[in-house]
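# A closer look at the structure
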Amino acid sequence: MRYRHFLKLLLAGAVALPALAGPALANPTIVFDLENGKILQHQEAFKRWYPASLTKLMTAYVTFHAIAAGEVRLDSPIKVTKRSASEPPSKMGFKPGSVMRLDNALKMMLVKSANDVAMAVGENIAGSQAAFAERMNAEARRLGMTGSHFVNPNGLFSPDQYTTARDLGLLVMAIRTEFPQYAPWFSIEGLAVGKKQIPNYNLLIGRYPGADGMKTGFVCPSGFNMIGSATRDGRTLVAVVLGEKSAITRAETVARLLDHGFATPTPGWLTVAALPSYGDTTSINNLNDEICRKKPAKEQSEAPPVGDKNAAKSPYRKKLDHAPTLVAVGLGGATGPIPKAMLDASGQEYADVPLPSWRPDLPPPPGAEPAVIGSATAAQEPAKAVN
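Residues numbered from 1 in each chain as written. Predicted model: local features only at pLDDT ≥ 70, side-chain atom pairs only at ≥ 80, totals over all residues. Heavy atoms only, no water.

Moving on: the overall build of the protein chain. Looking only at helices and strands, the protein chain has 9 helices and 10 strands in total. Summarising the internal contacts of the protein chain: among those between residues at least 6 apart in sequence, 71% fall at separations of at least 24. A total of about 17,300 Å² of accessible surface is found on the protein chain, and carbon and sulfur atoms cover 56% of it. (Helix = DSSP H or I, 4+ residues; strand = E, 2+ residues; numbered from the N terminus. Contact = heavy atoms within 4.5 Å. Areas by Shrake-Rupley, 256 points an atom, 1.4 Å probe, with all protein chains shown as cover.)

Here is the structure:
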């Protein structure tokens, strides 16, 4: 009888394993051991939420599968399309027709959270945004992500794109266990694009002991989302936090959850995959008014105010205590085969259609200038639209 009563409470969402000390968190969270998936804490784990740029983890996962299937290689060209170049910030700002290596594209997508690059990856891998979204949803179904649906590869807001903390846990486990060779990409401290340095939006990297991943995300309706992982003494824990109020508080919350997890030597008996569904699993919170209404642009940005001397003290507002290790990325260098989705039946690239020349006595229309291949400049963008 006691067991049945406990299970009933669990299914009703009344039990967290184990509960955190202090006030309960209002937003969805889950903390688990990466090796075995055993849960240390969870709350509202099946509540639907807008993923924002956490979506890019699924984009990476689908792409890793495409690489494994031989559809594309890390040195294959990813061409910036007109559609991808028009995506709002956060973005790299490359012109349509620009070409980069797939591995560089993925690093810019994961570290800079570049929406234009993520869209370009999706279009090049699958041939279109819609076709790539079909792959994303197919992988979600295969992994058992029952509360998720995807419509684009970058996480820009759509009412039809949503996920849950539990589903994101399943995705993280799949990425880290099936494709461990890419794990270092999630712990890059920063990128170097020419002379420009781009820090990782994940403020745990380089600041939290053992931090080694994974991704942040923000749109006004979702609030500030974050998945953080850390490894200590051979044990890797993952914390998923959705709907925080700022870039700093999401880092602090993830760090606190990880601290509690590392202080708990024995996790619960339930795993991420076996956790029974509970609570409200259909409605989606929209935090737009709470997060963005009547707030300045700097508070509507995923770019955190690191180094702000006037802000409240936090270890995640401080600059790194060492020179960040930067990974050089940019355009050019794509010597591998063209993604198969970009080839027609005869093996020719779809975009290889000669463009008519403009009359020399007339100026070319805006945007008709040839792209510069082999150099990279990251366009500055207004912070308000950062994803």
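It is worth spelling out the pattern of salt bridges at this point. Under the defined criterion, the tally for this structure stands at 11 salt bridges. Between Arg101 and Asp103 there is a salt bridge; the shortest N-O distance is 2.9 Å. Here Arg166 and Asp167 are joined by a salt bridge, their closest N and O atoms 3.2 Å apart. Here Asp167 falls in the buried class, since its relative accessible area comes to 0%. (Salt bridge = Lys/Arg side-chain N within 4 Å of Asp/Glu carboxyl O. Buried < 20%, exposed > 50% of the residue type's maximum accessible area, 1.4 Å probe, protein only.)

The sheet built from 5 strands is open, its strands ordered E2-E1-E9-E8-E7 with antiparallel pairing. The sheet terminates laterally at strand E2 (39-43) and strand E7 (211-219), the two strands that pair on one side only. Ignoring which end each strand starts from, the neighbouring axes of this sheet average 5° apart. Taken together, the 8 bridges between E7 and strand E8 (residues 223-232) define a ladder with antiparallel strand orientation. Residue pairing in the sheet places Phe218 in a bridge with Phe224 of E8. Strands in contact with helix H7 (residues 165-178) are strand E1 (29-33), E7, E8 and strand E9 (235-244); relative to E9, the strand with the most contacts, it is inclined by about 145°. (Pairing = 2+ DSSP bridges. Axes fitted to C-alpha atoms, helices over the stretch in contact; angles between N-to-C directions.)

In terms of burial, E7 is a largely internal element, 9 of the 9 residues being buried. Joining the antiparallel neighbours E7 and E8 is a turn of 3 residues.

This brings us to the packing of helix H2 (residues 55-68) against helix H6 (residues 129-143). In contact at an axis separation of 10 Å, H2 and H6 are set at 90° when each is read in the N-to-C sense. Considering the angle they form, H2 stands roughly perpendicular to H6. Of the residues in H6, those touching H2 at Thr55, Met58, Thr59, Tyr61, Val62, Thr63, His65 and Ala66 are Phe132, Arg135, Met136, Glu139, Ala140, Arg142 and Leu143. Here the residues of the contact of H2 with H6 are counted per class, giving 8 nonpolar, 4 polar and 3 charged. (Parallel < 35°, antiparallel > 145°, perpendicular 65-115°, else oblique. Nonpolar A, V, L, I, M, F, W, Y, C, P; charged D, E, K, R; others polar.)

A separate point is the packing of H2 against H7. Between H2 and H7, the least distance of the axes is 10 Å, while the angle of their chain directions is 35°. You can see that H2 and H7 cross each other, and the crossing is left-handed. Between H2 and H7, the contacting residues are Leu57, Met58, Tyr61, Phe64 and His65 on the first element and Leu171, Val172, Ala174, Ile175 and Glu178 on the second. When its residues are assigned to classes, the contact of H2 with H7 shows 8 nonpolar, 1 polar and 1 charged. (Left-handed = near helix turned anticlockwise from the far one by under 90°.)

Next up on the list: the packing of aromatic side chains. Given two aromatic rings, their pairing is described by the distance between the two centres and the angle made by the two planes. Counted under the stated rule, the structure contains 9 aromatic pairs. Relative to Tyr182, the ring of Phe179 has its centre 6.2 Å away and its plane inclined at 40°; by these criteria the two rings are tilted. Given the relative accessible area of 7%, Phe179 is considered buried. Relative to Phe224, the ring of Phe218 lies with its centre 4.2 Å away and its plane at 20°, an arrangement referred to as stacked. Its relative accessible area of 1% is what places Phe224 among the buried residues. Site record: aromatic cluster; members linked through ring pairs are Tyr61, Phe64, Phe179, Tyr182 and Trp185. (Phe/Tyr/Trp six-rings, centres within 6.5 Å; stacked < 30°, edge-to-face > 60°.)

Turning next to unusual backbone geometry. With omega at 5°, the peptide bond leading from Pro89 into Ser90 counts as cis. Position of Ser90 among the secondary structure elements: in the loop between helix H3 (82-85) and strand E4 (99-101). Here the bond from Gly213 into Met214 is cis, since omega is 0°, no more than 30 degrees from zero. Looking at where Met214 falls in the secondary structure, it is placed in strand E7. Of note, Ala52 is a non-glycine position whose phi angle comes to about 55°, a positive value. By the secondary structure assignment, Ala52 is in the loop between E2 and H2. You can call Ala52 buried: its relative accessible area is 1%. At Asp233, a residue that is not glycine, the phi angle is positive and equals roughly 50°. Structurally, Asp233 can be placed in the loop between E8 and E9. Taking relative accessible area as the criterion, Asp233 reaches 87% and is therefore assigned exposed.

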